[in-house]
Every structure is written in C-alpha cells, then in structure tokens.
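Summary of the model geometry
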Amino acid sequence: MTVTAVALSEIATIGELAALCSVTAPSADSVAEPVESNALRGLLAGAGLVPYVARCGTATDEFEVQIADLVGDLHHLADALGVMWSSVLDRAEDYHREERCGV
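Given the structure is predicted, the values throughout are model-derived calculations rather than measurements. (Residues numbered from 1 in each chain as written. Predicted model: local features only at pLDDT ≥ 70, side-chain atom pairs only at ≥ 80, totals over all residues. Heavy atoms only, no water.)

**What about the pattern of salt bridges?**
Pairing is possible between side chains that carry opposite charge, provided their charged atoms lie close to one another. Following the criterion strictly, the structure yields three salt bridges and no others. In this structure, the salt-bridge partner of Asp-29 is Arg-41, at a minimum N-O distance of 3.1 Å. Note that Asp-29 is positioned in the loop between α2 (14–21) and α3 (34–56) and Arg-41 in helix α3, a separation of twelve residues in sequence. With its nearest N and O atoms 3.6 Å apart, the salt bridge here joins Glu-99 to Arg-41. Here Glu-99, found in helix α5 (residues 85–101), pairs with Arg-41, found in helix α3; they are 58 residues apart in sequence, far enough to count as distant. The partly exposed category is assigned to Glu-99, whose relative accessible area is 28%. Residue classification places Arg-41 among the partly exposed positions, given a relative accessible area of 28%. It is possible to trace a salt-bridge network through shared partners that takes in Asp-29, Arg-41 and Glu-99. (Salt bridge = Lys/Arg side-chain N within 4 Å of Asp/Glu carboxyl O. Helix = DSSP H or I, 4+ residues; strand = E, 2+ residues; numbered from the N terminus. Buried < 20%, exposed > 50% of the residue type's maximum accessible area, 1.4 Å probe, protein only.)

In structure tokens:
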C-alpha cells in the first residue's frame, strides 16, 4: 500500500479524516502509481464528506451511514436539477472502474 492508502485505511473517525484532508496532497492525476492516485481521489471525496457530516450533525455515525446519507442527498439534488440519477450512477461506475484499472 502507498502512504495515502495506508493513512486512509487507519482512519476511524470523521475527525481523523478531517485532519488527513487538511494536509496538502498532490493531485490524483499527477501521481503515476494507481493505488496512490485512487487513495488521493478518495481523500478528495473525504474533503467533501467532512463539512457535510458537520452540517448534518452525524459525526458519531459510522462512515457507511455518513456516505449513504450524502449519496441520498446527492440523489435529491440530481432530482431537483433534472439530472437522471441512473446516468450519474452509470458514469460514476465507469469512472471508478477506469481509475481502479489505471486507464
């Protein structure tokens, strides 16, 4: 595992994630190692999750609950903006697959 991947795997609370997200990291696209690049992408998403959790007051919930809550609210946002949720999910799966494979 790479430095960022190890650091992410050891995080247990949203506070720990916030601390890791506050560290300046390189862009995922600037890193050649796919595992590190994907960990940096996860860290970028974490930087969005942290303020969302703070605003919702769900800091004591498990990460699965926090992430599911955010995804559910993104679904509401997509509905309000007239974006087809199934298209969002399909595109997200494609991006994830390509990034995991290092394409």
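**Considerations on the confidence of the model for the protein**
Per-residue confidence for the protein averages 94 on the pLDDT scale, and 99% of its residues sit at or above 70. Mean pLDDT values over the elements of the protein span from 91, in helix α1 (residues 3–9), up to 98, in helix α4 (residues 63–81). (pLDDT = per-residue confidence, 0-100.)

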